[in-house]
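Okay, here's what each chain looks like letter by letter:
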Amino acid sequence: MKVVELRNVYKIYRTEYYEVRALDGISMDVEDGEFVVIMGPSGSGKSTLLNLIGCLDKPSEGEVLINGVETSNLNDNQLTELRRDTIGFIFQTYNLILTLTALENVELPMIFRGLGREEREERAKELLRSVGLEKEMNRKPNEMSGGQQQRVAIARALANNPKILLCDEPTGNLDTKSGEQVMEIIRHQNEELGVTVILVTHDPSLAKYADRVIRLRDGKIESVEHVS
Amino acid sequence: MFLELAKRNLQRAKVRSLLAVVGILIGVMAVSAIGIFGESLKAAVAQNFEEVANELIVSPNFQEGYKYLEEKDINRIKKLPNVAEAIAIKSDSLLIETKKKKSYTVVYAMDEKDVEEMFEAEKGSIRLKSSCVVGKRLAEFAEIRVNSKITIGGREFRVAAILEDTGARFDINPNSAVILSPEDFEKVSDVGYTLLIVKADSLEKVDDVKNEIEEKINSRDEKVVVFDLKIILEGIDEAFSQINIFLMAIASVSLLVAGVSILNIMLMSTIERTKEIGIMRAIGAYRSTILKIFLMEALILGLIGSGIGSVLSVVGGYLIDLAILQDASYVFQLSTLLYITLGFCVGVFVSVVSGLYPAWKASRLEPIEALRYE
Ligand SMILES: Nc1ncnc2c1ncn2[C@@H]1O[C@H](COP(=O)(O)OP(=O)(O)OP(=O)(O)O)[C@@H](O)[C@H]1O
Ligand SMILES: [Mg+2]
């Protein structure tokens, strides 16, 4: 089953003086449970692509289907629910809420889903334990290392049991050891729990986790490489 | 949790939140305290008239040629329902002579007990058995003292008492007059009854009594004119209500300023937290959720500011009353509670309305634009 389908997708940024074709006719599918790594030089459109798949942004042209549903037919609330229940985001800069503790950050998506206090607290603790942060639960983001923050972000992304995990350079700001820890957690989600992972990176060494590596250049797919 | 989130966001910008609270607080306090003071002023003025407010004054209709009230009409009025008491008074202008002065002066005929009830003696005691009582101003003017002898209409009377200054009155004013008993009065003057003071059982019954008198006495001919003092009370009430509204309108300007400051603070907060809004939208917050979080913050600011403002407005009202009226007891009346509630509600309302636009703006941010914001 295809969880993500892109049909001839364009994303064009226009201003008075120039026009940038961030995505220039992309078509691709991602199968359920697949681990896809997207690589390419800076400015090649990787983040733009990921944001479209994550329903954070809309294509200028073409179709984006999530679980077979054409996203341009959905209203804002339906898109919000898709992000909340089906998609988990991990960003290069963690994007945690600075006023909330690690535990509260992880609880947030479950609050948005309307889960009761006890249930979400229990699940948040379990998730934080699974990423090795049982001792840091009550710390605020700026009291934690980059690697720890990114693990909180992963726990938050997994809070509502997403089907698809979208990671935009999750190890970009981390040292090798922290990066490996983070990648292990993501790999575990993919292999043991069957979560579909789409991961954007500059780091060629991460290709080893992938089922497939897609290379972008100037908003176009340059090559697709299956890893067995 | 949203409450918690709102609370922490407010705490994050402590000084700013504090300023917003102070703004609202001052606004609420100004409105409530001025409202309280206005009510106190009204109460203070109205209190002077409260005693006479249930009185009706019946006088003969001169325009129709009636010089005096008829005794049978007086007796009929006395027997009307809801009439607690009716005091019939004769008055005439008679020549008064003392050792030094000689002048025409108003002389009233009243029963001793009525005089005792309506007025206080400043010197001497009120006795009308072949003696008279004299109003304060007349006493000063004619140099009359207790136990002086004065001649009224050719007869000599002993002065039993000098009355206290009665201030402004709407029924009869003995300040510059002499009061005699009806029996003595008859010896010096042959006029009939010129005035009837009717006291209704209560303020609410004044209109009933007035209508009864009109119906019973004036059925065929407009013999008497009835004037109810309640009208004065109503006039005071209306005048002071208008003054109060005007004062509060001025005070509201400070609330408006407070509203603008909340608007400003919340707008700054929206801009500062653009990224945070983007994050929340990315992980599944509806637009309406963002709206709620921001409105909650405005509400908290409003509740705290208005709450403290309400408490302080009692203190403020108390101090203003003490300073201007020299009497703070008027603060403790029902209308105070009303103005506090009003101030509180207006304060909260202004805060939420001011938060509406920033909250709406925050909720309209596109997730991707918000996320990209640094
Ligand atoms: N909001 C925007 N307005 C105008 N141009 C944009 C906007 N967002 C992205 N672009 C342009 O679109 C192109 C693709 O950007 P994108 O962020 O997808 O690149 P990327 O592959 O993620 O790069 P990096 O590896 O540096 O993160 C770039 O040329 C960028 O300048
Ligand atoms: Mg990028």
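Residues numbered from 1 in each chain as written. Chains lettered and ligands numbered in written order. Predicted model: local features only at pLDDT ≥ 70, side-chain atom pairs only at ≥ 80, totals over all residues. Heavy atoms only, no water.

What about the layout of surface pockets?
Computed from the structure, the second largest pocket encloses a volume of approximately 300 Å³. Phe-91, Thr-93, Asn-95 and Asp-168 of chain A together with Leu-371 of chain B are the residues nearest the centre of the second largest pocket, which is lined by 14 residues in total. Mapped onto the lining of the second largest pocket, the elements with two or more residues apiece are α1 (46–53) of chain A together with α12 (367–372) of chain B. With 3 residues, the single largest contributor to the lining of the second largest pocket is α12 of chain B. Of the residues assigned to the lining of the second largest pocket, the class counts are 4 nonpolar, 5 polar and 5 charged. (1 Å grid on protein atoms, 1.4 Å probe; cavity = no way out; pocket = protein on both sides within 12 Å on 5 of 7 lines; lining within 4 Å. Points joined across faces, edges and corners; volume = space filled by probe spheres on them. Helix = DSSP H or I, 4+ residues; strand = E, 2+ residues; numbered from the N terminus. Nonpolar A, V, L, I, M, F, W, Y, C, P; charged D, E, K, R; others polar.)

A short note on a positive patch on the surface
Residue and element names in this part refer to chain B. On the surface, Lys-99, Arg-145, Lys-149 and Arg-158 cluster together to form a positively charged patch. Considering the arrangement of structural elements, one finds Arg-145 in the loop between α5 (136–142) and β6 (149–152). Relative accessible area serves as the criterion here: at 62%, Arg-145 is assigned to the exposed category. (Patch = residues over 30% accessible without salt bridge, like charges linked within 9 Å, V, L, I, M, F, W, Y side chains within 5 Å. Areas by Shrake-Rupley, 256 points an atom, 1.4 Å probe, with all protein chains shown as cover. Salt bridge = Lys/Arg side-chain N within 4 Å of Asp/Glu carboxyl O. Lys, Arg positive; Asp, Glu negative; His and termini not counted. Charge placed at Lys NZ, Arg CZ, Asp CG, Glu CD. Buried < 20%, exposed > 50% of the residue type's maximum accessible area, 1.4 Å probe, protein only.)

Quick word on the packing of aromatic side chains
Using the criterion set out here, one finds 4 aromatic pairs over all chains in the structure. Measuring from centroid to centroid gives 5.5 Å for Phe-89 of chain A and Phe-91 of chain A, while their planes differ by 5 degrees, and the two rings are stacked. Neither residue differs from the other here; Phe-89 of chain A and Phe-91 of chain A are each classed as buried. On the basis of an interplanar angle of 25 degrees and a centroid distance of 6.5 Å, the ring pair of Tyr-357 of chain B and Trp-360 of chain B is categorised as stacked. Taken as a pair, Tyr-357 of chain B and Trp-360 of chain B lie in helix α11 (residues 334–364) at a separation of 3 residues, close to a single helical turn. Assessed through its relative accessible area of 47%, Trp-360 of chain B is described here as partly exposed. Cation over ring: Lys-101 of chain B sits above Phe-141 of chain B, and NZ or CZ is 4.9 Å from the ring centre. (Phe/Tyr/Trp six-rings, centres within 6.5 Å; stacked < 30°, edge-to-face > 60°. Lys NZ or Arg CZ within 6 Å of the ring centre and 35° of its normal.)

Let's talk about the packing of helix α3 (residues 71–78) of chain B against helix α7 (residues 206–217) of chain B
Residue and element names in this part refer to chain B. Interaxial distance between α3 and α7 falls to 11 Å at its minimum, and their mutual angle equals 140 degrees. The two elements α3 and α7 cross, and the hand of that crossing is right-handed. Counted together, Asp-73, Arg-76 and Ile-77 of α3 and Ile-213, Lys-216 and Ile-217 of α7 form the full contact between these two elements. Its residues assigned to classes, the contact of α3 with α7 shows 3 nonpolar, no polar and 3 charged. (Axes fitted to C-alpha atoms, helices over the stretch in contact; angles between N-to-C directions. Left-handed = near helix turned anticlockwise from the far one by under 90°. Contact = heavy atoms within 4.5 Å.)

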